[in-house]
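# An overview of the molecular structure
Here is what each chain is made of, one letter per residue.
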Amino acid sequence: MSIIIFSVLIKTEQMEIVNSKAPGEPLKWEDLQKMKCSWNVAQEVLRMAPPVQGNFREALTDFVFNGFTIPKGWKLYWSANLTHMHERRLFP
């Protein structure tokens, strides 16, 4: 879907909830659960720009990756950005 369609859907979804509330009445958990489209957009934003950029792990065994031998005990860095962006290449 295009960004224009999403912005219209989100605006419509949120306005329905606002119009069902009394002026100044705060949102409740039930109101947030009704925001399906808004939640999907938030999830996609987190996928595209994760709050954690990556982390270090330790190799538990010797292994070969792309022709490089990684010895047991070496520290490895995994990038959340790469694992979330290249599903087809990394997870066929």
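What comes next is a walk through the structure. Quick caveat: nothing in here was measured; it's all calculated off a predicted structure.

Calculation notes
Residues numbered from 1 in each chain as written. Predicted model: local features only at pLDDT ≥ 70, side-chain atom pairs only at ≥ 80, totals over all residues. Heavy atoms only, no water. Helix = DSSP H or I, 4+ residues; strand = E, 2+ residues; numbered from the N terminus. Buried < 20%, exposed > 50% of the residue type's maximum accessible area, 1.4 Å probe, protein only. Contact = heavy atoms within 4.5 Å. Areas by Shrake-Rupley, 256 points an atom, 1.4 Å probe, with all protein chains shown as cover. Salt bridge = Lys/Arg side-chain N within 4 Å of Asp/Glu carboxyl O. Polar contact = N/O pair within 3.5 Å; in protein donor to acceptor, adjacent residues only side chain to side chain. Lys, Arg positive; Asp, Glu negative; His and termini not counted.

## A look at the overall build of the protein chain
A tally of helices and strands in the protein chain yields five helices and four strands. Listed N to C, the secondary structure of the protein chain is α-α-α-β-β-β-β-α-α in terms of helices and strands. Split into buried and exposed, the 92 residues of the protein chain put 15% on the buried side. Restricting to contacts in the protein chain with at least 6 residues of sequence separation, those with at least 24 account for 35%. In the form shown here, the protein chain has an accessible surface area of approximately 7,900 Å², with 66% of it arising from carbon and sulfur atoms.

## What to know about the pattern of salt bridges
A full pass over the atoms with the stated rule returns four salt bridges. We note a salt bridge from E25 to K21, for which the minimum N-O separation is 3.3 Å. Residues D31 and K21 are paired through a salt bridge, measuring 2.7 Å at the closest nitrogen-oxygen approach. With D31 in helix α2 (residues 29–33) and K21 in the loop between α1 (3–19) and α2, this pair connects stretches of sequence that are 10 residues apart. Neither residue differs from the other here; D31 and K21 are each classed as buried.

## Focus on the environment of E25
Relative to the assigned elements, E25 resides in the loop between α1 and α2. A polar contact of 3.3 Å, which involves the side chain of E25, links it to the side chain of K21.

## So, the side chain of E13
Considering the arrangement of structural elements, one finds E13 in helix α1. An unpaired buried charge is present at E13: no salt bridge exists, and K36, the closest side chain of opposite charge, is 8.3 Å distant. Those residues in contact with E13 that lie beyond four places of it in its chain are K34, M35, K36, C37 and S38.

In short, shape yes, function no, at least from these values alone.
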